[in-house]
Number of protein chains: 2
Amino acid sequence: MTQQKSSSGLAGVVAGTTAICTVGAGGENLHYRGYAIQDLVAGDCFEEVAYLLIYGELPTVPQLVAYEQRLISLRVLPEALKNVLELMPGDTHPMDVLRTACSFLGNLEPEGKQRDQYQIADRLLATFPGILLYWYHFHQNGNRIDTQSDEDHVAGHFLRLLHGEAPKPEWERAVNISLILYAEHEFNASTFAARVTAGTLSDFYSAITSAIGTLRGPLHGGANEAAMALIEQFDSPEMAEAGLRRMLANKALVMGFGHRVYKVSDPRSDIIKQWAKTLSQDVGDHVLYPVSERIEAVMQKEKKLFPNLDFYSASCYHFCGIPTELFTPLFVMSRITGWAAHVIEQRENNKLIRPTADYTGPAPRAYVPIGERPVA
Amino acid sequence: MTQQKSSSGLAGVVAGTTAICTVGAGGENLHYRGYAIQDLVAGDCFEEVAYLLIYGELPTVPQLVAYEQRLISLRVLPEALKNVLELMPGDTHPMDVLRTACSFLGNLEPEGKQRDQYQIADRLLATFPGILLYWYHFHQNGNRIDTQSDEDHVAGHFLRLLHGEAPKPEWERAVNISLILYAEHEFNASTFAARVTAGTLSDFYSAITSAIGTLRGPLHGGANEAAMALIEQFDSPEMAEAGLRRMLANKALVMGFGHRVYKVSDPRSDIIKQWAKTLSQDVGDHVLYPVSERIEAVMQKEKKLFPNLDFYSASCYHFCGIPTELFTPLFVMSRITGWAAHVIEQRENNKLIRPTADYTGPAPRAYVPIGERPVA
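Here goes a summary of the coordinates provided. All figures in this text were calculated on a predicted structure; none of them were measured in a lab.

About the thresholds
- Residues numbered from 1 in each chain as written.
- Chains lettered and ligands numbered in written order.
- Predicted model: local features only at pLDDT ≥ 70, side-chain atom pairs only at ≥ 80, totals over all residues.
- Heavy atoms only, no water.
- Core = buried A, V, L, I, M, F, W, Y, C linked by side-chain atoms within 4.5 Å.
- Buried < 20%, exposed > 50% of the residue type's maximum accessible area, 1.4 Å probe, protein only.
- Contact = heavy atoms within 4.5 Å.
- Least-squares fit on C-alpha atoms with pLDDT ≥ 70 in both.
- Axes fitted to C-alpha atoms, helices over the stretch in contact; angles between N-to-C directions.
- Helix = DSSP H or I, 4+ residues; strand = E, 2+ residues; numbered from the N terminus.
- Parallel < 35°, antiparallel > 145°, perpendicular 65-115°, else oblique.
- Left-handed = near helix turned anticlockwise from the far one by under 90°.
- Salt bridge = Lys/Arg side-chain N within 4 Å of Asp/Glu carboxyl O.
- Pairing = 2+ DSSP bridges.

A look at the nonpolar core
Within the largest apolar cluster, 231 residues are counted, with the highest numbers of intra-cluster contacts made by Phe128, Ile295 and Ile322 of chain A together with Phe128, Ile295 and Ile322 of chain B. The contacts of Ile322 of chain A, once residues within four sequence positions are left out, are Phe158, Leu159, Leu162, Val175, Tyr317, Phe327 and Leu330 of chain A. Of all hydrophobic cores here, the second largest spans 18 residues; its members include Ala15, Phe192 and Ile353 of chain A together with Ile353 of chain B.

Pasting the structure below:
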């Protein structure tokens, strides 16, 4: 039996083994299959990271070329899926769009003899941008966009479908880097949900659908949107400092800071902060980035908390012209790679994930037939 | 840190507290909120059990009447949801139908100021039979059925929509009892998945969608269908014994026996076995029930394993004219009550559920730029 307090959300409890990722070694490190996140970012190619996670090793040039071509060939959406996206209300939460669309794609293209887990992983990676942006443009302006593009990379494909024009190179690079940073994070809640689902030997889509629904919450993927909401309410660093101090005095939860596993710092934050700074200068921003830096300083001084990946991702995405409500879906477009790797791994040595609970309810009690129950 | 081996699927690890259910006390007991399952079955009303689980106490007569009326009033499906059910292929896995439909209903009727978690729980409980059987009849025979009925109870409503006529009283009672037995089971995998999803403060539909996808697997909800497939391949007890012994010799997994938590017996099995026997006599069966009893005897003798709820539920449902592929969806129509209770409870004292993992992958290694990687 565990020595953990049962209310601790399994913090520090080992729930399984993994060969995919280490998080927080030394309080501040992140490795995907042995490679430091800083090195993978320097490689500057989300698709090679996706390949590494799903297929186990970094690709060679021919492997990467073939992989990118395969992803490009998988971008077209089935008509029935487009119909479902049109049937969704325009004010649907974008994460609900992805959750339902992933589940529905599992109805149209089920796992089985015709289609294995690797093909489904590739298909989801290829289609999530088109799914989200088909729904988005249809309900924003009635346009049924073509979800095919000849962009080589997921980042460029997403930006082209969003803006309807060739992506600016620096925006594409920033989004590409963010996709690398968001791709994988060990037994985080959404990945763990995917493994719990896969642990009953359910199908691949069920596991990914669970993960999307879990990532949706503000304590997980929703944090980058919450960080944006925090940052953009202030017009200056001084206002931010005053407002943040009021929040802290009121014991409000400040999203985008601290982490259950990293104890020293989040190595991803330094990387995305640099991009937020660069893009801020490019677009002539004099508010969001200075406000962000001030919030970081106050959180460090008052709470000894460091920014996590979500905090500077928010302004970074904002500078790329990405609407705030699409931030968490972008997380999906990246993390699908880590989720896929974990589902594949869970299946290799599967064991049903079924913990137990401490009971705190009524002791055994006599059943009173309904006619004899007192009516208050 | 836990003392459990990390590959053990959290068996015996306490992952939280609950006041809803105890499973396996003394190796063989089941209580919902302090009431023994045998007493709740004697009460003979799934709706009062649903009320007990979701609202915390057994209802009085006026409360139960109001609750049943409310459920009846919530049976009509939105047109857009019916469109989506029609867009699903006819050979979709019925659990995928429920998973997608639950997720899509969350797009149409999202949780928020207009609709709280109790209303959504009631709505899902009321609509799952109609969702499943609208899809089923449309693709079986092109009929767009009316999902409203004036049946008082979920069991009768399901059977009426399935068979298109007033349910036979003994079938309705058997299904009603099975719904009571399947309603709740502590931190089983699907419920735990719902709590992991709810733990990020995601919405109610996301949590239930995760649960459906998790229940789908053959190591969990799919076990009753697997049990049916086992039973119906034999034409006599003698053939069953010979076939089963061959399976055991080949170390095949026999579904419907044993349980991770019950160590002595599954108290639900005795109850549903009695119903399987009664219905077997009613329909003049001379094969399925005798075959089932022989399989039970061999498993007891050879493996010291007892039947769990899934084993005799299979023939019980079969005798009620329910197609095998709808067995696991029936589980959903019952367990939605337990899932709802657990999501509500998780939120009352929420903590993100985020375990950790033992790393077994490559040690930190140098990143080789793609142009320098050897091509095999």
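Let us keep going from here.
Comments concerning the relation of the copies chain B and chain A
With an axial shift of 0.0 Å and an RMSD of 0.0 Å, the rotation relating chain B to chain A amounts to 180°. The operation mapping one copy onto its partner corresponds to a two-fold rotation axis. A high fraction, 100%, of the interface residues of chain B reappear at the interface in chain A, so the copies pair face to face through one surface.

A look at the packing of helix α4 (residues 79–87) of chain B against helix α6 (residues 117–141) of chain B
Residue and element names in this part refer to chain B. Direction vectors running N to C along α4 and α6 enclose 45°, while the axes themselves pass 9 Å from each other. It follows from the interaxial angle that α4 and α6 lie oblique. In this structure, the crossing between α4 and α6 has a hand that is right-handed. Of the residues in α6, those in contact with Leu81, Lys82, Leu85 and Glu86 of α4 are Ile131, Tyr134, Trp135, Phe138 and His139.

Quick notes on the environment of Gln346 of chain A
Residues and elements named next belong to chain A. Mapped onto the fold, Gln346 is located in helix α16 (residues 327–348). The buried category is assigned to Gln346, whose relative accessible area is 6%. It is 38 Å that separates the C-alpha atoms of Gln346 and Arg144, two residues lying 202 residues apart in sequence. Those residues in contact with Gln346 that sit more than four places away from it in its chain are Arg195, Ala198, Gly199, Lys351 and Ile353.

With respect to the pattern of salt bridges
Tallied over the full model, the rule gives 44 salt bridges over all chains. Between Arg373 of chain B and Glu48 of chain A there is a salt bridge; the shortest N-O distance is 2.8 Å. Highlighted residues: Arg373 of chain B in the segment after β5 (356–359) and Glu48 of chain A in helix α2 (residues 46–55), drawn from two different chains. Looking at Arg373 of chain B, the relative accessible area reads 10%, which means it is buried. Classification of Glu48 of chain A by relative accessible area gives buried; the value is 2%. Residue Asp96 of chain B is joined to Arg99 of chain B by a salt bridge in which the shortest nitrogen-to-oxygen separation is 3.1 Å. Residue Asp96 of chain B and its partner Arg99 of chain B are located together in helix α5 (residues 94–108), separated by 3 residues, close to a single helical turn. The same class applies to Asp96 of chain B as to Arg99 of chain B, namely buried.

A few points about the sheet that holds strand β3 (residues 29–32) of chain B
All names here are of chain B. Taking strand neighbours across the sheet as the criterion, the 3 strands line up as β2-β3-β4 in an open arrangement whose pairing is antiparallel. Of all strands in the sheet, those with a lone pairing partner are β2 (21–25) and β4 (35–36), marking the two edges. Two strands pair when backbone bridges link them, and β3 and β4 are joined in this way by 2 bridges, in the antiparallel orientation. Bridge pairing links Tyr32 to Tyr35 in β4.

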